[in-house]
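Topology and contacts: notes
Listed below, chain by chain, are the residues.
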Amino acid sequence: MLRKIGGGLMVAVALFFLVVIVKGIVTLPGTQRQLSEAVFITDGVVRPENEGRLVIVCSTLSAAENARDELLSLEMPSPIAVRYVESFSVGDDGENWVGSWDPIDWQSGEWLKRAHLFGRAAMGEFSVSEELLVSFPAGRELSLSQLDPDEVDALTQVVDALVYDGVLYFTEAPASCFGSGPVSEVYFDYEGLRRVHYRYLDVKPDDVYAVAGIQRGNELVADPDLDTNPVFENVHSRSDVVRQNGLFTILGMALVGVICLALIVFGIRRVMD
């Protein structure tokens, strides 16, 4: 019975994402038209005639102020960073006790959880709003040498700092919790202990981004009517932006479509068994 229910859920999930794909197919031409008609700005200058209009600012990103994690009193080396938090737990795999790390995401009610951290960033004269900064790819792991030594010393009075698989963690749990494989009953004492790591946007002076948003004064804010990721990397013209948006959207829909078909096939097999 549970197998049939699981199969039904797989089909339901697949059908939901197929609806999303259809929506993407329907909205893509309109999004492409919006990007084609937006004001394209390469000099970073805020002009009064563009107030309230959709603009695409193509420029390097400069850090006016780095992000800071106020909860742990650490300054990041970038205006954009993400804090990841995980909690240690012990479960039974049928033969042994095994430890695992479970993410505490931003929807959690915990006070310490995954969160985006923002400072202030600019593209020419434009200040980029946080609702647009969240779309930048913050994917580089933080290293200890990039942090203020005094702030690290203060934090490591209460937690440990260690590097595991190339990732810097600030952890309440001992290093022995970071390995894989069976654990003993002693590890139940560590359940609920947390570890934190950070990823950030490595801002380089020659990296060019194109960001689509509404001009509000000297601030670039998100356009709620633009149905796409507003940040484009390594582009230099309007045609580059339109081309990249169309390509990435189509590739994304194709990948999701393949996954949906696989879910439907496996789901139907489970229902029919």
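From a predicted model like this one, the values you see are computed outputs, not experimental measurements. (Residues numbered from 1 in each chain as written. Predicted model: local features only at pLDDT ≥ 70, side-chain atom pairs only at ≥ 80, totals over all residues. Heavy atoms only, no water.)

1. Some words on the overall build of the protein chain
A count of helices and strands for the protein chain gives four helices and 18 strands. Expressed as a percentage of its 273 residues, the buried residues of the protein chain come to 40%. Contacts spanning at least 24 positions in sequence make up 71% of the contacts within the protein chain whose residues lie at least 6 apart. A total accessible area of about 14,900 Å² is found for the protein chain, and carbon and sulfur atoms account for 56% of it. (Helix = DSSP H or I, 4+ residues; strand = E, 2+ residues; numbered from the N terminus. Buried < 20%, exposed > 50% of the residue type's maximum accessible area, 1.4 Å probe, protein only. Contact = heavy atoms within 4.5 Å. Areas by Shrake-Rupley, 256 points an atom, 1.4 Å probe, with all protein chains shown as cover.)

2. What about the packing of aromatic side chains?
Scanning the model with the defined rule gives eight aromatic pairs in all. Where Tyr164 meets Phe178, the ring centres are 5.5 Å apart and the plane angle is 65°; that geometry is what we call edge-to-face. Here the residue Tyr164 occupies a position in strand E12 (residues 160-164), and Phe178 occupies one in the loop between strand E13 (167-171) and strand E14 (182-183), the gap between them amounting to 14 residues. Ring centres 5.2 Å apart and planes at 75° place the aromatic pair Tyr169 and Phe178 in the edge-to-face group. Per residue, the accessibility class of Tyr169 equals that of Phe178, and both read buried. These aromatic residues form a ring-pair network of at least three members: Phe88, Trp101, Tyr164, Tyr169, Phe178, Tyr187 and Tyr190. The ring centre of Phe178 lies 4.8 Å from the NZ or CZ of Arg195, which sits over that ring. Stacked on the ring of Tyr84, the Lys or Arg Arg199 has its end atom at 4.9 Å from the ring centre. (Phe/Tyr/Trp six-rings, centres within 6.5 Å; stacked < 30°, edge-to-face > 60°. Lys NZ or Arg CZ within 6 Å of the ring centre and 35° of its normal.)

3. Notes on the pattern of salt bridges
Overall, the coordinates contain 10 salt bridges when judged by the stated rule. Ionic pairing is found between Glu65 and Arg120, a salt bridge with its closest N-O pair at 3.4 Å. One end of the pair, Glu65, is in strand E3 (residues 62-65); the other, Arg120, is in strand E9 (residues 120-123), and 55 residues separate them in sequence. Judged by its relative accessible area of 41%, Glu65 falls in the partly exposed class. Ionic pairing is found between Arg243 and Asp240, a salt bridge with its closest N-O pair at 3.0 Å. Taken together, the residues span about one helical turn, with Arg243 and Asp240 both in helix H4 (residues 238-272) at a distance of three residues. On the basis of relative accessibility, which here comes to 52%, the residue Arg243 falls in the exposed class. For Asp240, a relative accessible area of 22% gives the class partly exposed. Within this structure, Arg68, Glu70 and Glu151 form a network of salt bridges that share partners. (Salt bridge = Lys/Arg side-chain N within 4 Å of Asp/Glu carboxyl O.)

4. Quick look at the side chain of Ser129
For Ser129, the position within the fold is in the loop between strand E10 (126-128) and helix H2 (130-133). Once residues within four sequence positions are removed from consideration, Ser129 is found in contact with Glu219, Leu220, Val221 and Ala222.

5. Brief notes about the nonpolar core
Leu61, Ile80, Phe136, Tyr209 and Val211 are the most contacted members of the largest nonpolar core, which has 22 residues in total. Contributing elements (two or more residues each) for this core: strand E1 (39-41), strand E2 (54-60), strand E6 (80-92), E9, E10, H2 and strand E16 (208-216). Residue contributions to this core peak at three residues, all from E6. Other than its neighbours up to four places away in sequence, Phe136 contacts Leu61, Ile80, Val128, Leu201, Tyr209, Val211 and Val231. Core analysis: the second largest hydrophobic core is formed by 19 residues, Ile104, Phe170, Val196 and Tyr198 among them. (Core = buried A, V, L, I, M, F, W, Y, C linked by side-chain atoms within 4.5 Å.)

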